[in-house]
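Read off the chains here:
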Amino acid sequence: MKGVPKCIRVDKREGEEVRNRLADSGLLDTKHKIARHGEHLDIPVLCDSFEGREAFDSEAEETEGHTTDYKEILDLPDWLNEELPRSYDIIGDVAIIKLSDALVPYRERIGEAMMEATPSLRAVMLDSGVKGEFRIRELKKIAGTGTSETVHKEFGVRMTVDPSLVYFNPRLATERARVALSVKDGEKIIDMFAGVAPFPLVISKLARPEVIYAVDLNPEAERFMRTNIENNHAGDIVPIIGDARSAVKGLPKADRIIMNLPQSSDDFLDSALEAAKVGAVIHMHRVLERAEAETFAEKLTERMRSAGHNIRITRTSELKTYSPSMSVYVFDIVKD
Ligand SMILES: C[S@@+](CC[C@H](N)C(=O)[O-])C[C@H]1O[C@@H](n2cnc3c(N)ncnc32)[C@H](O)[C@@H]1O
């Protein structure tokens, strides 16, 4: 980029997510370094504004000849370069990338270039997609050493995760902090689809609930939950392995319920409402066609009313893009 580098300023807790979205949109300036100023990060950008944040002229330093963009290291034919993903997930010291069929024969070269661009990586895994009701990933190592088990850090929480055994999404960090910061002292909380318990762990770190029940159907989740509870001294989290619908029946009524099962969370909403106190808040995540999001909320309220539950949807927010026409939304629902 020629001329004065431009940056946007973001709260450091949102830094990783905003950086990923900039990279997804091709608007991250990888030729300049991100700078930290107290509680803020200045992220170099290739645009005049991003998500309502105005870019300003900055003194961002150049990245000293070491590119952090793996695409610049690779030497593929032009038509293939265009297919290279703009971004990928990093979980702990493991990168996870999806490749089109045309790029799969070049996977090892791509993996090596990613390791060179990001020296903190230990391994790169090719992701063939999320499968089954446990939403786990089919991963194959294309560069580096070791397995896909790693330790991911988020808001001072250290989470042992293996995305080939239990679902984990590093892009929900901001959403986990938002939910945690809305928790009041002494709340009883249920996470109906907890995975390795990232929501409960961040809540336990940032708030003071009485108890958080972390439910998941995947038997592999138990080992990770127990390790994470111990390593983070999170004695307020109670792991429960089983189906969320039956597990919640035996629990005390909750002040807050998290429903992070984006493909079908609404199918479990009646069970959540039965497990919730009047006035409780339910954070329900759902993948939807963007065109459908508004009518979905109306239809859901109507469906619940017919089943004898009065609800109010107090907040609808688009969290991330899922496909060209779909996004993941969160609905904050109050039980009246
Ligand atoms: C999208 S993942 C969410 C994981 C976690 N909340 C996170 O942020 O990483 C959904 C989880 O729900 C679990 N699951 C699927 N069906 C379930 C059910 N009927 N009861 C309990 N858990 C279920 C899956 O095993 C998976 O770990």
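Residues numbered from 1 in each chain as written. Predicted model: local features only at pLDDT ≥ 70, side-chain atom pairs only at ≥ 80, totals over all residues. Heavy atoms only, no water.

### Description of the sheet that holds strand 16 (residues 254–259)
- Overall, mixed pairing links the seven strands, which are arranged 15-14-13-16-17-19-18 in an open sheet. Sheet topology places strand 15 (237–241) and strand 18 (311–321) at the edges, where each strand pairs with a single neighbour. Going across the sheet, the axis of each strand differs from the next one's by a mean of 15°, ignoring polarity.
- Note: strand 16 against strand 17 (residues 276–289), five bridges, orientation parallel. (Pairing = 2+ DSSP bridges. Helix = DSSP H or I, 4+ residues; strand = E, 2+ residues; numbered from the N terminus. Axes fitted to C-alpha atoms, helices over the stretch in contact; angles between N-to-C directions.)

### Quick notes on the packing of aromatic side chains
- For the coordinates displayed, the defined rule picks out four aromatic pairs.
- Ring geometry for Y70 against Y88: centres 5.7 Å apart, planes inclined by 70°, an arrangement best described as edge-to-face. You can see Y70 sitting in helix 2 (residues 70–73) and its partner Y88 sitting in the loop between helix 3 (78–81) and strand 7 (89–91), a full 18 residues away along the chain.
- On the basis of relative accessible area, Y88 is assigned to the buried category, the value being 13%. (Phe/Tyr/Trp six-rings, centres within 6.5 Å; stacked < 30°, edge-to-face > 60°. Buried < 20%, exposed > 50% of the residue type's maximum accessible area, 1.4 Å probe, protein only.)

### A few points about the sheet that holds strand 9 (residues 123–131)
- Ordered by their spatial adjacency, four strands build an open sheet running 7-8-9-10, and the pairing between neighbours is mixed. The open sheet has two free edges, formed respectively by strand 7 and strand 10 (136–144), since each of these has just one partner strand. Each strand of the sheet is rotated relative to its neighbour by a mean of 30°, with strand direction disregarded.
- As paired strands, strand 8 (residues 94–97) and strand 9 are joined by four bridges and run parallel to one another. Following the sheet pairing, V94 is matched in strand 9 by A123.
- Contacting strand 8, strand 9 and strand 10, helix 4 (residues 107–117) crosses the sheet at an angle of about 75° to strand 10. (Contact = heavy atoms within 4.5 Å.)

### Considerations on the packing of helix 5 (residues 173–181) against helix 6 (residues 198–206)
- Put simply, helix 5 and helix 6 touch, their axes get as near as 9 Å, and they point 50° apart. In terms of orientation, helix 5 and helix 6 fall into the oblique class. The interaxial crossing formed by helix 5 with helix 6 has right-handed handedness. Judged by residue contacts, E175, R176, A177, V179, A180 and L181 of helix 5 engage P198, F199, V202, I203 and L206 from helix 6.
- Here the contact of helix 5 with helix 6 is built from residues that sort into nine nonpolar, no polar and two charged. (Parallel < 35°, antiparallel > 145°, perpendicular 65-115°, else oblique. Left-handed = near helix turned anticlockwise from the far one by under 90°. Nonpolar A, V, L, I, M, F, W, Y, C, P; charged D, E, K, R; others polar.)

### Some remarks on the site of the ligand
- Neighbouring residues of the ligand: 22 residues in total, closest F193, D216, D243, A244 and N260.
- Within the contact set of the ligand, a nitrogen atom lies 3.1 Å away from a backbone nitrogen or oxygen of L217.
- Within the contact set of the ligand, a nitrogen atom lies 2.7 Å away from a side-chain nitrogen or oxygen of D243.
- Out of a free accessible area of 600 Å², the ligand has 97% covered by protein chains.
- Of the residues assigned to the shell around the ligand, the class counts are 13 nonpolar, five polar and four charged. (Near = heavy atom within 4 Å. Polar contact = N/O pair within 3.5 Å; in protein donor to acceptor, adjacent residues only side chain to side chain. Areas by Shrake-Rupley, 256 points an atom, 1.4 Å probe, with all protein chains shown as cover.)

### Quick look at the pattern of salt bridges
- Taken as a whole and judged by the stated rule, the model has 29 salt bridges.
- Residue E72 is joined to K31 by a salt bridge in which the shortest nitrogen-to-oxygen separation is 3.6 Å. Taken together, the positions of E72 in helix 2 and K31 in the loop between helix 1 (15–24) and strand 2 (35–37) put the pair 41 residues apart, joining distant regions of the chain.
- Judged by its relative accessible area of 42%, E72 is partly exposed.
- In this structure K31 comes out as partly exposed when scored by relative accessible area, which is 42%.
- Linking R178 and E175 is a salt bridge whose minimum nitrogen-to-oxygen distance equals 2.9 Å. Here the residue R178 and the residue E175 both occupy positions in helix 5, the gap between them amounting to three residues, near one helical turn.
- The exposure class of R178 is partly exposed, given its relative accessible area of 22%.
- Taken together, the shared-partner salt bridges connect E14, E17, R21, E51 and R53 into one network. (Salt bridge = Lys/Arg side-chain N within 4 Å of Asp/Glu carboxyl O.)

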